Structures are given as C-alpha cells and as structure tokens.
Protein chains: 2
Amino acid sequence: MRTHYCGQVDKRLIDQEVTLCGWAHRRRDHGGVIFVDLRDRAGIAQVVCDPDRAEMFRTAESVRNEFCLRVRGRVRARPPGTVNVNIASGEIEILCHEIEVLNPSLTPPFQLDEENLSENTRLLHRVIDLRRPQMQKNMQLRYRTARAFRRFLDDAGFIDIETPMLTRSTPEGARDYLVPSRVHPGQFFALPQSPQLFKQLLMVAGFDRYYQITKCFRDEDLRADRQPEFTQVDIETSFMDEGEIIGLMEELIRTVFAEVMAVELPRPFPRLSHHEAMRRYGSDKPDLRVTLELVEVSDVLRDVPFKVFANVANSEGGRIAALRVPGGASLTRGEIDAYTQFVGIYGARGLAYIKVNDVSQLNETGLQSPIVKNLHAAALQAIIERTGATSGDLIFFGADRRKVVDDALGALRVRIGHEKGFVNGNAWEPVWIVDFPMFEYDDEARRWNACHHPFTSPKDEHLGLLASDPGRCLAKAYDLALNGSELGGGSVRIHRAEVQEQVFKALGIADDEAQSKFGFLLAALQYGAPPHGGLAFGLDRIVTMMAGAESIRDVIAFPKTQRAQCLLTDAPSGVDEKQLRELHIRLRQRVDTQVEIGKA
Amino acid sequence: MRTHYCGQVDKRLIDQEVTLCGWAHRRRDHGGVIFVDLRDRAGIAQVVCDPDRAEMFRTAESVRNEFCLRVRGRVRARPPGTVNVNIASGEIEILCHEIEVLNPSLTPPFQLDEENLSENTRLLHRVIDLRRPQMQKNMQLRYRTARAFRRFLDDAGFIDIETPMLTRSTPEGARDYLVPSRVHPGQFFALPQSPQLFKQLLMVAGFDRYYQITKCFRDEDLRADRQPEFTQVDIETSFMDEGEIIGLMEELIRTVFAEVMAVELPRPFPRLSHHEAMRRYGSDKPDLRVTLELVEVSDVLRDVPFKVFANVANSEGGRIAALRVPGGASLTRGEIDAYTQFVGIYGARGLAYIKVNDVSQLNETGLQSPIVKNLHAAALQAIIERTGATSGDLIFFGADRRKVVDDALGALRVRIGHEKGFVNGNAWEPVWIVDFPMFEYDDEARRWNACHHPFTSPKDEHLGLLASDPGRCLAKAYDLALNGSELGGGSVRIHRAEVQEQVFKALGIADDEAQSKFGFLLAALQYGAPPHGGLAFGLDRIVTMMAGAESIRDVIAFPKTQRAQCLLTDAPSGVDEKQLRELHIRLRQRVDTQVEIGKA
C-alpha cells in the first residue's frame, strides 16, 4: 500500500514519487494551499495539496486530525525558510497527486500534543494516547531493550525456556493471584510471582543456562511504580560462582545500555557490601550520583545529657546517624520544616540539626541548635570531625530504630542531594550491593525471615551460623542498583538438600510444611542438583529509567491503574453466574446485581 | 568452573587439559578401570579413571548414575576399536586427574534411556525426564524455533509489544480462566484466549507492525494436542492486504524451517479455497502428502433406488463423496471393518463400498458390493468415470450430512493414505486455505456463528451479502496447514466501525451487548483505524511437528496432564480460607477438608 514510512522520506528521494500511509497529525490552510502533516510510527512528512488538482483538493479539504490517509505524490525540496532541521523529513515535502481517506476519525478526545492530561483520561483513551510520539518512542525503546537483553543472552549460550503461568499457590511473600480450577472443584492455580522454582528445576534438569522474559504477578496494593503484572528478565545458570554471575550480568547490563542508549557504564561497576551501603547511604539501593553520606555517631552519644540521643545510642536496635549538608546553614526555617515533614513519611518523629556557624567554637555560640547544650564537648568534637563539617554547614541527625534512621536519612540524603545539587554529574551510577544478610528478624512475628528468598545460599564459611547465629549469617546474594533504583537482584541458590532443610529450619518452616509446599524442590535437589544461581531484572523499571518517564505506566502499552483496573477495557468486570458455577465458587457477599449488570 | 562443555570436547583438544562439569550418565568398571560417561546439555564425554591415582579412583568408585561431577583431566585419543562415530566426542576420552562430586544423587526413579515410560511417571519426575537427551533436544529446538521467528520479524520491522495477561472476560468462543479481583469485590479478570483485541488496538494506535510470542489460555476439556496454556506467535500489521500478509507470513515460515530444520519448503506454498479443500480433502487442513482425493457424486445419485443415497443426495445439507483406493479390492474384510469402525468416530453410520473387480463390466459381476444392484447404470458409469477407478480398485462412499462426510472420509483418506503408502514422498506439505466463509450456521442455536472470529473482514465484493445472504459471504481469512495440521490462521480485520456493526448484527449480537463487550474496539475504530490484519501461529504445534514428537507435552518443559494438572508441583491445590476471603469468594460445595489439608 505504500513505498516508504513518512519519517524516512528525505532529500535523497527528491523528484521521486512516493506513496505514504499514516494519520493527519495536523492540517492547515495557508494561502489557498492545504498542508497535511502525515504521521506514522517513523515520523512525520509534510504533504502539500495544491488546488490545481480539484478532486484531490476536495478530499484534502475534508481531512481532519487523525484521519487515516493514503497519499501519493512527488518529493520536492521545501522552499527556503521552511526547512525544519528537527525531523528527518524536514528538508522535503510531498507534492500531493492523490489522497485517499482510508478511514475518517471523530475529533479525538484530546490533541496529541496536549500536555498535563490526567492519567485517567490517558488510560481511558489509551489507543489515542499511544499515538503520541513520546509513547511511540517509549514502546520502541522497550522493544529494543528487551531485544538487546535477548541477543546478549542468546550469544552467551542462554536458552529461553517457558515456564507455566498456571502454577501452585505458595502463600508466602506477596499475595497470589488465584485461578479457580473447573476440573478440580475447590482447587486453585496461582499466577507466578516469579519463575524462581521452575528455573531452579531447569538447572537440576541440566539446561545449564536459562533465560526468559516473562510476566510475573503480585496482588499487592500498588505504589507508584508497581503493577499487578510486571515483566522480568529472568536468568539462571549452573556451574558459575557468585563472582562469575555478577561479572556476566554486569556485562549484560553494560551491553544493553551501550546498544540501546549509547551510554557507556563504568567498568567494573562498584561493589558495596550491604552493611556499608546501609551505613553510608541508609539504603540497599543507594543513589551514588548524590555525594552526601551518612556518618555513624551512636558511639559518641551514649553518655550525653540529651536523653533522646542517649537512649537510642544505648538501645540494641537503634542508630544515630548524621548527615552533613555543606553550606546548609543558609537553609531557611521553611526548608527545614519541609524536610522534617518529609522524614516523617518514613516514621522519623523529628529531625534534629546543628547549624555550624563557626566551627572554631564548638559551643552554643558557634553551633546553633536547641540540642547543643545537651551534648557534651567530646560528642560535639567527634560529630564535627567525623562529618568533616565546617563553618556554614548544617548537620541533620536521625536517631531512632535502625530502620527508621536508614529510611529517613537515606531518603533525605537523596532529596537534598538533588535539590541542592550535591551530585557528581554522572548520568548513570550503577552499584552492586553484595554480602546481604541471610535473615532479618521480624519483631512482630518473632521469627527470622529470608532477606532474599528461602532458596538463597549462605556463604560457605557461614554454614555453621545457620543454627547458632542466623543474624550473622551472610548470603551469596546480590542486587544491582542504578541511580537509587533496584534494577534486579539474585543469588547463588542452595543446591544441596540438607542445606535447604537447615535454612527452612532457621526460618521456622516445619518439615511437613516444607514438604507440602516445596517437596518437589527438595526432591529435585536429591538427584545431583548442580551448583547454580541467577538473577532477575525488572524490565519495566529499567525502561522507565531509560525513557526518563515518571511512571512505569508510561512504558507499558495497556497498564492497570493504581486501583488495579484497566480503564480502556473496563476490567475487571462482573461475570455470568454460569461461569462461577462451572468454577465451583460463589461470591461471598450478595453482589448479584453487580454480576447481572456487569459492573458496579 | 569448567573449560568446555562435555559434548564439545573433540580431537582438536588432544593433549590439552580440560575441566568439565556434568552428570554421570553411565559408570562402568572394565579391567580395573572406571569409565564415566559425563553428560551435559551439549552431549557426552568419556572419562577414564585409572587406579594409579588412588584418591581420585576412590571418588570415582563412589560415583553412581546422575551424580553431579566436576572432572579435570587430559584429552587423549581413544584406543583403536573403541571410537564412537555417533557423537562429537567419540574419538577422544579424558584421562581423569581429579574428580569432585558436586552433588550426589539418589537412584533415579527411572533410567534416562528407559523407553515406554508412562507419561504420568515422566510428568511426576519431570526434572529427571527433562534430562533425557531427547527432551534436551526438544527444548533446544523450541528455543531455536522461537528465536528464528523473532529474528525474521525483527528484521521485517515488527516490534514486540506486551499485552496484558489480566484482561476482561468476553464469554464467547472458548471458556475463560477467571481471576477474582481482591480490590473490586465480585469482579474478575480473565486470562487472555488470545491478544486479538489488543493487537487490533495497537494497530489503531499506529504501531504499524506488531508481534508477540505469548501465552494464551483456554479452559476447555483437553484433547491430545491441547494444553490449558499454550504459546502463540501473534502477528499483526497495518496497510497490507490479504495477499501481502499471506506472502510475508509464508516467507516467515519458509525462513524458520530453513534455519531451524535446514528444510526448504516449496515456493510459493499452494493455495486452496476453503470450498475446494472441503470438496477434495474433506478438511480445511488437508494433508497434501496423501495423494488420494474425495470425489463428489451426489448429483448422479438423486434418482437411484438405494434410498440411503437418494435421500442424502436430495437433502439440503447432505453430501455423497467417493474415495477411490487404488488396488483396494485386495483389502480384507477385517480391514474394511476397521475402517468402518474408524469413520464411526466421526459420526458416520456406515461405510458403503464397491470393489471394482472388472471395470469393463459395470454390473454385479464386475462390481462387488451389496449396493450395486440398487444403483442404476448411469450412476455406476459416472462413479467409475469421476473416480477414475480401474480393475482391482475399491471405492468407499460417505453419504450423510456434509460435516459428517467431510470429517469421516477426510480422516479415512489420511489414514489409508499413510497406511497403504498413497503419499507423494514429500516430508513437508504446506498449504494455504483461503476464501473461508464468514459465517457458519449453528443448527441448534439457530443462528450464524463467525467461522474465524467476529472481527474478520468480509471480502469487499461481499459486503452487500452481510444482511441479505450471510451464508454466501466470504471472508478475508486464511489458514496455513502443514501435513494435515493447522500451523496458524488469521485474517484481514474489519477496520471500519459500520462494517463491524453490520457483522455483529449478522451474528445476532445486539447493539447494547456489542457495546458492553466490545465498546472499546468499536470506539477505537472510529478514530481513523488503519486497514490491518494478521495471523497467529501455534508454537507448540509447530515445534511438536518439527521434533516429530507424539504430543505437544513433549515440547513443553512443564506441561499439564489431560486432566489439567501439574503432577510435579501438584497444582492446582487447595488454598487457605483466608485467601478466598480476601478475594470475596467462597467454595460452592463444602469442601473445607480439601482446603484444610491442601489437597483432596
């Protein structure tokens, strides 16, 4: 039907006849001539309709925005002064010989270049929204990114194997999406939260290197960057140790960024232990573009008169950290109030600070703060030395349970860093976080939880700690963070059944429970399971960052809202009573009206 | 951990030291020496353990089948007479210096070379089953096939776009798998039966060329070649007509077969109208390797005394067809009885036949059959002429409703063709079936159903028939059959809202029903939808044929049984009452015991 994409017509085609198909992006009349900007996925070409061809001109007059057209014409140079250097076809225009309306269009619900549309409007009219050049670019970017992942993995000998979507429910971790079975009354499939167990089984089955770009599902309340269904680049390999896996995966990410973004990431990526990341950045996915760091001061505050600090400093699970803001003494009261409110989101009950007016006077004269009088000289001295503060700086303090301090000061560090320009100027700062703890203690449930998942291998030298001191046991786990977001994470897995059983024991999972939930894995481990490990990258997140988009919904063709709805197709919806009967379920509350009218 | 794959070690590596990882495929002692066939995904290498290295030898003695090993040793030529030309590493062996048991193995539930295992045993121990070289090959084949599809489509400018897995239920066609919504009580998502509507929306959104290799779901009772979840290569393009789409898709299949199988398919594929396919082969996916054909004889049997034939010949929806079997006069009574039973599967109530003993005598002497005396000379003459029968042949007859005759004689044609060698010797016979009817009449429901789906475009010249004579209206639909199986099918879609509405009307879908189910599509068509069409290939089926496997379960890593269960993970399973409560559903019958103990 056509000879070229609109966006590909350029001056090499001058004097040739072309046929284009696309949409009327804009139509304007100018001096008796009609100009149509014809758009397809490759870009825009300007079509000029002269009145000397009457029939063609009449058709052109009928064209409105978003009509689908087919145009035949001759390529010619644009008159001087009308060249648009911003687009590939900006030096030419097409003198129209023939125009055909393939399909007219109603007036679109919004103009394609309209900004500040509400997201609901965009999602309700997603088909029109997807026509916007930015969304076209985002979907192309997503495609090229996934393709770059595939090609690297293909070349590295990984093979793509599909794992089931209808799987067994393992009610831990996040909430499962369930699928009632028609054939087996009262039983349910679950949609996979990840192919974790299947990819381990594939390693035991000897496939050696596996990958899959696949949908995963979590029925959780959605935050800004979450979706009920999301896409993972899922990878597993046998016969490689932690360092080799990290090295290969790093090469993968480096290749993807180079191919898709023409960005050269550092070689190698820096590596931080989980312990150090928390200490210096309060985060296991630190934004290393920000140059500010947290400083540990608990040990010098144990005997200060200021009870808030002393109590935390002497408590088991507490932390006091300082964050120096160079030149921060000029922060306004309003700014400090805003920061105080901000850390409140993370559970901090306040935000103590010291303005360093004169670093040569470590007292209430040189240091401006209500708390200074309750800190003794040694403490003040240590704080100034460790933070490296100088006159004109400001030091924020977090003092609370460790998690609150990490979250609050970690987030404040990033916010101030970007707001006040304490950044190193690099666009991309990847970092591996390694040496994660195996377990974290759940104070409420009074038990140990797995930091990664229960199939993660402990460090060889920490096997003995599984029973004696699980809190000190480190894992062969690794996360890759980029600019403060987690790109992916993984681990070397347990490949020996007896270690897996010890870990289940440390997690308080009884033998029969382990058998009933993971019996097939425990069985598989007994038949010569190879050493193996892997990783999963979040494709949506990676593409969102690459696109510079605000939300992952901008890199998904048909996303759900934060209320887990598809506004376009109006899903979920009521279903026929007959369908429920076949599935051996009924609605818990009487919402028959909903079922009948299809929708609440 | 290793330097090479086992299957890759060959004589070019002689005298070099290699490190291999893999599984003990076989261990045997021979003259005081231990031989271990070490297996990985690339193949097998023979490892020789001499007793002169005592520690290594002791370890080798402990090795049993399926132990996971790491072996270091020197490559050397095998002694003359022990060369195995069937495997890449058959000319060499590895003189073992060091052997490490990475993980021992219990005695496997079956030997990897055991044949005639029950499928249930294989699925229950799928991890071991997948280690079998044939299954390794099948999964590799599947991977290479999917990759070949992707690469062709990438190169042809198609972009891979993901469509949702949690979609809206449209209760027609097959039964949906439903997913209860937690956030919206009483409402449900459905798993997609295909991305049909989404890919059409992507065309309306201007993505021009789309593909996706994706899971689809149908909750139907399973036949031998069906799975609840199956994989489609889903393709859609704008601005191409029926012929162009067929041409490009044919090139795609030709390329995939050439790359993956080194098979050159014919260029071009033959094309048959649906009408001709049914007439000559009784099937819309004819096996063209078989040279036998059906012959129409209804018209010459209208006035014969044999009532069974005359009644069918004079009925509206009846068909009488003949199938000549060259040399078939020598078929035994037992064979003919077996064929009669076979056509019974398809609803045929009998299988009339004539043995042509002497073609020069068209009477009860030359033609041996109980029905001959009730057929008149003109009929017999016509039957012999049309079938081209000669002395020694046999002619089978099907006389019934058209569908019964098509199904029964179509299947008989294929069975006899392969059993008796009436085949053309070609390994692969692709054929396009085109010019499908738009609608088929459902006698029970007394309404027209869509032959493809309700979004298929009628032929331009048949638009007028939509209202006046839907039965004669042909569609821009096409199926690709190979060796009697459907590889895929598709159509040009309706891109104008008013045509879509006419088709809904012809199907008896009321306006409000159309709006509530497909309103988003009808709306999208009103905004300059481009002409578009596409196709979907069944990946599982294609790979099954390529692999020469008996069942699609042999090309799926973790398939479901025909009772829609995963024996390995024991899914579906009972779930916690709490999960059901969160989803606002309860079980219809009291099967609490099942829920509590997790499984009936």
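The model shown is predicted, which means the values in this text are computed figures rather than measured ones. (Residues numbered from 1 in each chain as written. Chains lettered and ligands numbered in written order. Predicted model: local features only at pLDDT ≥ 70, side-chain atom pairs only at ≥ 80, totals over all residues. Heavy atoms only, no water.)

What follows covers the domain arrangement of chain A. Here chain A is described as being made up of domain 1 (6–103), domain 2 (114–239 + 539–599) and domain 3 (290–420). Between domain 1 of chain A and domain 2 of chain A, the C-alpha centre-to-centre distance is 40 Å. (Domains from an automatic or database assignment.)

For the rest of this paragraph, the subject is the UniProt feature "site: Important for tRNA non-discrimination" (unreviewed entry) in chain A. All names here are of chain A. Residues annotated by UniProt as "site: Important for tRNA non-discrimination" (unreviewed entry) correspond here to His30 and Gly81. Structurally, the position occupied by His30 is in strand β1 (residues 17–30). Mapped onto the fold, Gly81 is located in the loop between β4 (68–77) and β5 (92–103). (UniProt positions renumbered as here; feature names shortened; annotations may be inferred. Helix = DSSP H or I, 4+ residues; strand = E, 2+ residues; numbered from the N terminus.)

Bringing the sheet that holds strand β4 (residues 68–77) of chain B into the picture now. Residues and elements named next belong to chain B. Read once around its circumference, the closed barrel built from five strands follows the order β1-β2-β3-β5-β4, with strand pairing classed as mixed. Ignoring strand direction, the axes of neighbouring strands in this sheet form an average angle of 55 degrees. Strand direction decides the pairing type here: strand β1 (residues 17–30) and strand β2 (residues 33–40), joined by seven bridges, are antiparallel. Across the sheet, Trp23 pairs through a bridge with Arg39, a residue of β2. Seen against the sheet, helix α1 (residues 54–62) touches β1, β2, β3 (43–49) and β5 (92–103) and runs at an angle of roughly 70 degrees to β5. (Pairing = 2+ DSSP bridges. Axes fitted to C-alpha atoms, helices over the stretch in contact; angles between N-to-C directions. Contact = heavy atoms within 4.5 Å.)

Between its terminal C-alpha atoms helix α14 (residues 511–525) of chain A stretches only 16 Å, short of the 21 Å expected from 15 residues at 1.5 Å a residue. Along its length, α14 of chain A shows its largest kink, about 90 degrees, at Phe518 of chain A. Among all positions of α14 of chain A, only Ala514, Lys517, Phe518, Gly519, Phe520, Leu521, Leu522, Ala524 and Leu525 of chain A are buried. Elements in contact with the buried residues of α14 of chain A: α5 (196–204) and α13 (497–506) of chain A together with β5 and α3 (126–129) of chain B. (Expected span 1.5 Å × (residues − 1). Bend = angle between axes of the 7 residues up to and from the residue. Buried < 20%, exposed > 50% of the residue type's maximum accessible area, 1.4 Å probe, protein only.)

Right, let's talk about helix α11 (residues 402–420) of chain B for a bit. All names here are of chain B. Over its 19 residues, α11 runs 26 Å from end to end, which matches the ideal 27 Å to within 8%, given 1.5 Å per residue. Taken together, the buried positions of α11 are occupied by Val404, Val405, Asp406, Ala408, Leu409, Gly410, Ala411, Leu412, Arg413, Ile416 and Gly417. As for α11, its buried residues are in contact with α7 (274–281), β12 (294–296), β13 (318–325), α9 (333–344) and β16 (394–401). Positive phi appears at Gly421, one or two residues downstream of α11, with a value of about 80 degrees.

Residues and elements named next belong to chain A. Mean pLDDT over chain A works out to 94, with 98% of the residues at or above the 70 mark. Within the model, the stretch residues 591–600 combines pLDDT values under 50 with 20 contacts to residues more than four positions away or in other chains. Taken together, the chains of this predicted complex give a pTM of 0.95 and an interface ipTM of 0.94. (pLDDT = per-residue confidence, 0-100.)

What follows covers the UniProt feature "binding site: L-aspartate" (unreviewed entry) in chain A. All names here are of chain A. According to UniProt, the positions carrying the feature "binding site: L-aspartate" (unreviewed entry) are Glu172, Arg218, His452 and Arg493. Mapping Arg218 onto the fold places it in the loop between β9 (209–217) and β10 (229–238). Not counting residues up to four positions away in its chain, the partners in contact with Arg218 are Ala174, Arg175, Tyr177, Gln193, Pro228 and Phe230. Assignment of secondary structure puts His452 in the loop between β19 (447–450) and α12 (465–468). Here His452 falls in the partly exposed class, since its relative accessible area comes to 25%. A polar atom in the side chain of His452 sits 3.1 Å from the side chain of Asp479. (Polar contact = N/O pair within 3.5 Å; in protein donor to acceptor, adjacent residues only side chain to side chain.)

Residues Phe149, Met249 and Phe537 of chain A together with Phe149, Met249 and Phe537 of chain B are the most contacted members of the largest nonpolar core, which totals 206 residues. Within the second largest apolar cluster, 28 residues are counted, among which are Ala313, Ile371, Leu380 and Ala382 of chain A. (Core = buried A, V, L, I, M, F, W, Y, C linked by side-chain atoms within 4.5 Å.)

Residue and element names in this part refer to chain A. Taken together, the five strands give an open sheet; going across it, the order is β12-β13-β16-β14-β15, and neighbouring strands pair in antiparallel fashion. Edge strands, defined here as strands with exactly one partner in the open sheet, are β12 (294–296) and β15 (367–368). Pairing of β12 with strand β13 (residues 318–325), which is carried by three bridges, proceeds in the antiparallel orientation. When the bridges of β13 are listed, Glu296 appears paired with Ala321.

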